[in-house]
Each structure stands twice: as structure tokens, then as C-alpha cells.
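Chain residues, written in single-letter form:
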Amino acid sequence: MMSNQGKKKEIVYEIYVQSFQDSNNDGIGDLRGIIQRLDYLQKLGVTMLWLTPIYQSPMVDNGYDISDYQTINPIYGTIDDFDLLVQKAHRRGIGIMMDLVVNHTSDKHIWFKKSCQSANNEYSDFYIWQNPVNGGAPTNLGSVFGGSAWEYVSSRNQYYLHLFSKQQPDLNWRNPNLRNAIYNVMRFWINHGIDGFRMDSISLISKPKHFINMPLSHGVKYAPYYREIANGSQLHKYLHEMFDEVLKGKSILTVGETPHTSIEQAQKYLNHSYPELDMIFQFEHMHCDYGEYGRYSDVRFKLSDLKKSFNQWQNGLSWNSIYLGNHDQPRIVSRFGDEHIYREKSAKMLAMATLFQRGTPFIYQGDELGMTNCNFKSIDDYHDIETRNKYHELIENGMDKHQALKIIQIKSRDNGRTPMQWNDSKYAGFTTHKPWISVNKNFQKINEQCEEVDSESVLSFYQELIKLRKNNKILIDGDFEPISVNDSAIFAFMRKLGKQMIIVICSFVDKKVQYNLPNNFKVENSAKIIGNYALKNSKLKQTMYLEPYECDAFSID
Ligand code: ISL
Ligand code: CA
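For every chain, the first residue of its written sequence is number 1, and the numbers climb from 1 along that sequence. As a convention, the first chain written is A and the first ligand written is 1, with the rest following in written order. Selection of residues for local features in this predicted model requires a pLDDT of at least 70, selection of side-chain atom pairs for listing and counting requires 80 or more, and totals for whole chains, interfaces and linings are taken over all residues. Side-chain metrics in this entry use all non-hydrogen atoms of the structure; hydrogen atoms and water are not considered.

*Asks:* Sorry, what's going on with the overall build of the chain here?
*Replies:* Broken down by element type, the chain carries 17 helices and 20 strands. Throughout, the radius of gyration refers to the C-alpha atoms, and the reference size of a globule is 2.2 Å times the residue count to the power 0.38. Since a compact globule built from 557 residues should have a radius of gyration of about 24 Å, the 23 Å found for the chain is in line with a globular shape. For the chain, the spread of C-alpha atoms along the three principal axes comes to 75 × 55 × 50 Å. For every residue, the accessible area (1.4 Å probe, protein chains only) is compared with the maximum for its type, and the residue is labelled buried under 20%, exposed over 50%, or partly exposed between those bounds. Taking all 557 residues of the chain together, 62% fall into the buried category. Contact criterion: two residues are considered in contact whenever any of their non-hydrogen atoms come within 4.5 Å of each other. Within the chain, contacts between residues separated by at least 24 positions form 71% of all contacts whose residues are at least 6 apart in sequence. Using the Shrake-Rupley algorithm and a 1.4 Å probe, accessible areas are obtained, with residue cover drawn only from the displayed protein chains. Accessible area for the chain stands at about 21900 Å²; split by element, carbon and sulfur atoms hold 48% of it. A run of H or I in DSSP becomes a helix once it reaches four residues, and a run of E becomes a strand once it reaches two; helices and strands are each numbered from the N terminus.

Put into C-alpha cells, the structure is as follows:
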């Protein structure tokens, strides 16, 4: 864990390794590809790279199913490539954050293979096994990716738990030997010089001793798991132990991915008298566009919900991660902005809305180019296990194929997983071979080469915002206060440090709007520090007229 001051300065960039840069033209991004792009990342200004899992894996869930925690998947390179990446990144002042996926392993992990063999060997209790009930699954618990969360194994005449796919059996954290094995994995990577861990699904590691049946809503076969499983009773005991055993006294930035965690629960992870993690990824604002079928519903977010969530979390925690996109989410410009006429304006606005909030910003690869959803025309073009399962589930529930595909197009996790668009050559400069997933059709218009030469580009705007954040203490240490909480078009807030203030105004609508600043601000002393319509609104005014998706930041001394 880092000193408080150190950690606050970080700007993290998530790399979806298989889609970032392919160095050997086999169609899959790799570690040497990342090395080739370090200059780009340095120029962008980010200080830490979170790499999605690069370990040995059968790739059922794109590497989130790990079969060996201490081996690099050969599709990505070797441990020597990894060491070289760490060394070269460090030389540029950039750290490396590993994805630690320890809620589950792959079913091809040696631990699981041994665990399946019998109920009385060293690995028998590394996973969660239960006896059949009435000749069937122990409970009606469902998996996140669809179907039952229990799978039968005849050699043990028992079921094992898998919250995700059946190829991802859940680990049993009650077993101290399992916990020690995980701590050893963490030490191994720390010894390779890494600077951080992003802990996958960490809110789910403490399972109940007794699993129960949950009431089912009409027509649904399996119960959602979160209510009984997230933030379980032993969770903080395990994370304290992990801190004492592995992280204490080390300069490691930690962020826990915590599905289904409230603000009160979040505070426990960040308890400063007994630290566990530096920050968490909360999900509340990711649920703003959930509907009848949960995430896979044809629903657009409401700004009022997004603002409410931002403001509440800012209010509830003095520091946390700030994000809108990642490899599990649609593209931010398609989801929260406008991917058509105002693509560039709204991509910039979303950048300001996140990078200027209080907390550690996480930028997802390609968002700095304003990359959009992929809108593939057929379900066969999608690779993600969740996308495919949910598509079939929607159809089984009676939806027509057209509508199901439409929902997949707006919500699929593959939206963020298409190759980085570096230039307008075939396959967008990502590779010269057919890539593992198709390139977005718009790569000739949206790519790094176009962005690079344009001082008004989305990329240039990100570079500017990052510079401002680094050079203005107020953007890091300043308090956060929401402004105009009831405005339905504008997300506005103030950062404050001593007498200095920065006012940030972000329009989330595709038309001109009038904005009335509350009258307690001394608008006379303001100066614009950055905005996405350079010539508009050069001063803060009591009444302002904002262009579509306009964003401005003003300082008041
Ligand atoms: O994306 C989700 C739903 O659509 C989340 O529920 C997601 O599955 C959850 O946040 C956990 O995500 C992480 O663990 C998964 C993996 O598939 C995701 O890519 C990862 O970010 C299982 O390891
Ligand atoms: Ca490759």
C-alpha cells in the first residue's frame, strides 16, 4: 500500500491486453505490444497500467479463468517480456498493476483437478463442495453468466459452486492453506517488481457456511446470488490478514472490485485505522441503465440517477476510484454521450466529468480516442461468454431476435474489447493478421494517428486534463461539493482548497441549454482553465448558455 499522498497522484490506465497492440502479428495483443506503446502512454500522462489477466488460462472468460497464477500465458509472451515491460515502464515513471483473480480459478487449475479427485486430499477443501439435495443441486442459486451456480462432479458425488461460468469454480477462503497459497502468488508478483493489484470480484470471496434457497420472481429459474454472498461475514478478516501477510509496508496500490457494495460497506474496506485496500470499484452508477432484464435491457441512463450516485459516493468516501468505463462495460461515449454528431464533444465532456472529480481516475483504453460501441451485425461476431449466454436467455424468455441483438449491441462487454484503433491501415494498426475479434468499422475515422496530429482532438484534450490534474493540487487534494443537484441537463461541481476554487460544468444533453449558477459564487474573479468549446463561455456568469455537451472548468481565486 502506498503513502496517502503517493496514491492520490496516480492516474490509472486499463489495458485489455489481447486488444491493445499485437507485436508478432498472430492477431492477439501481447506484452511486447505494450512495450511498443509506452511512449504513447507516457505522453498521455498516465502513471500506472492495470493489465487484465495475463496468466495461463483456457480463455473461457478471456483470462479471468486462471489455470496457473505464476505462468504468463504464451499468447502474451514470456516472464522475460514481463520483466522487460516492468523495467521499461518504470523508467518512464509508470507502474504496473496486476489483475488478481482469486474468487475463483479455472477448472483446469491443478488445484481444482486434485480437488475433484477425492474428499480427503490436500486440495479437497480448496473449493466449495456441497452434497446433492433431493438428488439435485444444493440450492437454486444462479450464476452471473446464466444457469445454475452449482455443477455436479461424479467422482465426489458432490456439487461445486461457480458464481461465474462452470469453468470458474469458486475458491474456499475458509481454508487457511488456500489463503496462504494466494498470498504466495501475490508475493511472487511483488518480487517481479509490480506496483499494484486490482482484485477481481473481491467482495465475493467470503461465502456463507450454509447456502439457502432464495425466493424466485415469476418465470425465473435461478436466484441472483448477491444478496446472500457479497460482503460475507469473514471478508474483512481475510483482507486484514492479506494486508498483514503481504501488503504491509510495501508500496503497492490496491483496488478491489466490489460488486454489490453499499457506501457503508465500502467504508469498511478503506478503514484508515486498519487499512485493507486503497480504493474500491463500486457499481452503483453502472446500474443507472438497468431495466426489466437487469443489465441486458434496452434502457438509457438518466442523468439524475448518475449525478445522484456520483454525489453520494463523493459524499460518503473521502477517496475512491473514479471510472465510467472498463472491459466489462459498453463504450462510455456511446453509453453516456453521443456516438454520432457530438462524439468528440461528449467524449471530452465525459473525460472532464471524471478526471476532475476527487479520487483516482481510471481511464479505459480507447476512451481517450473517443472509441465507440462496435455494433456488430450478428451474434456470431460477439465472443464474450456473458454476451452469448444472455442473448440466448433473452430469446428463451420470448424476445424476438432483432430486439435481443439490439440489446446486445448497446450493452455487450465486447463493445470495449475490440482492438485499439491506432491508424487507418487494415486492422487499424493493431495487427496485420486477422484479429481475435473484429475491429470496429469506424477505425478509418477514429484512430490514434488522426487524434495525434489534431490539437483539438479528444486525445489532446485528455492530455491537457491530465496535465492540469498533475499541476493543480486542488484537483487532487481539494474537497468536492456538488452544485445544482436538481438540474436535469448539467452535472456541476466545485473543487475547493483553502481560498481557491475550481468550478466544473458538464452538459449531458445534445442541445443548447441555459444554466443558472447559484448566486453565492463570485463570478467576477473567474478564469476559464479548459473547455471543449474554446471560444465560448470564457468567463463564469450567473446565467450561461451551453452548447451541446459543453464542458468548462473555471478557477476562482
Ligand atoms: O460485468 C458484469 C455484469 O455484466 C459484472 O457482474 C461482472 O461480472 C463482475 O463485475 C465481475 O467482473 C470481473 O470478474 C468476472 C470477469 O468476467 C470480469 O471480466 C471481471 O471484471 C469473472 O472473473
Ligand atoms: Ca501477439
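After presenting the structure, the write-up continues.
*Asks:* How should the packing of aromatic side chains be read in this particular structure?
*Replies:* For any pair of aromatic rings, geometry is given as the distance between the ring centres together with the angle between the planes. When the centres of two rings from Phe, Tyr and Trp lie within 6.5 Å, Trp using its six-membered ring, the rings pair. Their planes under 30 degrees apart give stacked, over 60 give edge-to-face, and anything left gives tilted. Counted under the stated rule, the structure contains 29 aromatic pairs. Here the aromatic rings of tyrosine 55 and tryptophan 189 are separated by 5.7 Å at their centres, their planes lie at 70 degrees, and the arrangement is edge-to-face. Taken together, the positions of tyrosine 55 in strand β3 (residues 55-56) and tryptophan 189 in helix α6 (residues 176-191) put the pair 134 residues apart, joining distant regions of the chain. Assigned by exposure class, tyrosine 55 and tryptophan 189 land together as buried. Aromatic pair phenylalanine 112 and tyrosine 160: ring centres 4.8 Å apart, planes at 75 degrees, arrangement edge-to-face. Placement of the pair is phenylalanine 112 in helix α5 (residues 110-117) and tyrosine 160 in strand β8 (residues 158-161), with a sequence separation of 48 residues. Both residues of the pair, phenylalanine 112 and tyrosine 160, count as buried. Ring pairing ties together the aromatic residues Tyr55, Tyr69, Phe82, Trp111, Tyr123, Phe126, Phe188 and Trp189, which thus form one cluster.

*Asks:* What should I look at first to understand the sheet that holds strand β13 (residues 360-364) in this one?
*Replies:* The strands making up a sheet are joined through hydrogen bonds of the backbone, oriented either antiparallel or parallel. When DSSP finds at least two bridges between two strands, those strands are taken to pair. Strands sit in the order β11-β10-β9-β5-β2-β1-β13-β12 across an open sheet of 8 strands; the sheet is parallel. Lying at the two open borders of the sheet, with one neighbouring strand each, are β11 (279-281) and β12 (321-322). In the sheet, strand β9 (residues 196-199) pairs with strand β10 (residues 253-257) via 4 bridges, with the strands oriented parallel. Along β10, the bridge assignment pairs glycine 196 with leucine 253.

*Asks:* Whenever I open this one, the packing of helix α13 (residues 385-396) against helix α14 (residues 401-411) confuses me. Can you help?
*Replies:* Packed helix pairs are characterised by how far apart their axes lie and by the angle those axes make with each other. Each axis is a line fitted through C-alpha atoms, taken for helices only over the stretch in contact, and angles between the N-to-C directions span 0 to 180 degrees. Axis separation between α13 and α14 bottoms out at 9 Å; the angle between their running directions is 150 degrees. Once α13 is placed against α14, the crossing between them reads as right-handed. Between α13 and α14, the contacting residues are Thr387, Tyr391, Leu394 and Ile395 on the first element and Lys401, Ala404, Leu405, Ile407 and Ile408 on the second. Taken together, the residues of the contact of α13 with α14 break down into 7 nonpolar, 1 polar and 1 charged. Here a crossing is taken to be left-handed if its near helix is turned anticlockwise relative to the far helix by less than a right angle, and right-handed if that turn runs clockwise. Note on residue classes: Ala, Val, Leu, Ile, Met, Phe, Trp, Tyr, Cys and Pro are nonpolar, Asp, Glu, Lys and Arg are charged, and everything else, Gly too, is polar.

*Asks:* Looking at this structure, how should I read the pattern of salt bridges?
*Replies:* A side chain with one charge can pair with a side chain of the opposite charge if their charged atoms come near. Salt bridges are defined by distance alone: a side-chain nitrogen of Lys or Arg within 4 Å of a carboxyl oxygen of Asp or Glu. Here the structure, examined in full by the defined rule, presents 29 salt bridges. When the shortest N-O distance is used, the salt bridge between arginine 198 and aspartate 99 registers 2.8 Å. Note that arginine 198 is positioned in strand β9 and aspartate 99 in strand β5 (residues 95-100), a separation of 99 residues in sequence. Considered together, arginine 198 and aspartate 99 belong to a single accessibility category, that of buried residues. In this structure, the salt-bridge partner of aspartate 298 is lysine 406, at a minimum N-O distance of 2.8 Å. Here the residue aspartate 298 occupies a position in the loop between β11 and α10 (303-316), and lysine 406 occupies one in helix α14, the gap between them amounting to 108 residues. Accessibility expressed as a relative area gives 36% for aspartate 298, which makes it partly exposed. Classification of lysine 406 as partly exposed rests on a relative accessible area of 39%. What emerges from the salt-bridge pattern is a single network uniting Asp61, Asp328, Asp384, Glu386, Arg413 and Arg417.

*Asks:* Help me understand α6, please; the structure alone is not making it clear to me.
*Replies:* Because an α-helix packs 3.6 residues into every turn, residues spaced three or four apart end up facing the same way. Here α6 contains 16 residues, and its C-alpha end-to-end distance of 22 Å stays within 8% of the 22 Å for a straight helix at 1.5 Å per residue. Residue asparagine 175 occupies the N-cap position of α6, its side-chain oxygen lying 2.8 Å from the main-chain nitrogen of asparagine 177. Taken from the residues just after α6, glycine 193 is the one with a positive phi, measuring 90 degrees. The span expected for a helix works out to 1.5 Å for each residue beyond the first. Polar contacts, as counted here, are pairs of nitrogen or oxygen atoms within 3.5 Å of one another; within protein the pair requires one atom able to donate a hydrogen and one able to accept it, and residues that are adjacent in sequence qualify only if both atoms are side-chain atoms.

*Asks:* So what exactly am I meant to see when it comes to the side chain of lysine 348 here?
*Replies:* When you line up the elements, lysine 348 lands in helix α12 (residues 343-355). Accessibility expressed as a relative area gives 4% for lysine 348, which makes it buried. In contact with lysine 348, not counting residues within four places along its chain, are Glu456, Ser457, Val458, Phe461, Asn532 and Cys551.

*Asks:* I tried to follow the sheet that holds strand β6 (residues 129-130) on my own but got confused; where do I start?
*Replies:* The sheet built from 3 strands is open, its strands ordered β6-β8-β7 with antiparallel pairing. In this open sheet, the two edge strands, each paired with only one partner strand, are β6 and β7 (150-153). Bridge count for β6 against β8 is 2 bridges, and the pairing is antiparallel. Each residue of the ladder has a partner; that of glutamine 130, found in β8, is tyrosine 159.

*Asks:* I would appreciate a short explanation of the pairing of β8 in the present structure.
*Replies:* Regular strands place side chains that alternate from one sheet face to the opposite one. The side-chain alternation of β8 yields two buried faces, one formed by Gln158 and Tyr160 and the other by Tyr159 and Leu161. Hairpin connection of β7 to β8: 4 residues between the antiparallel strands, including asparagine 157 at a positive phi of 45 degrees.

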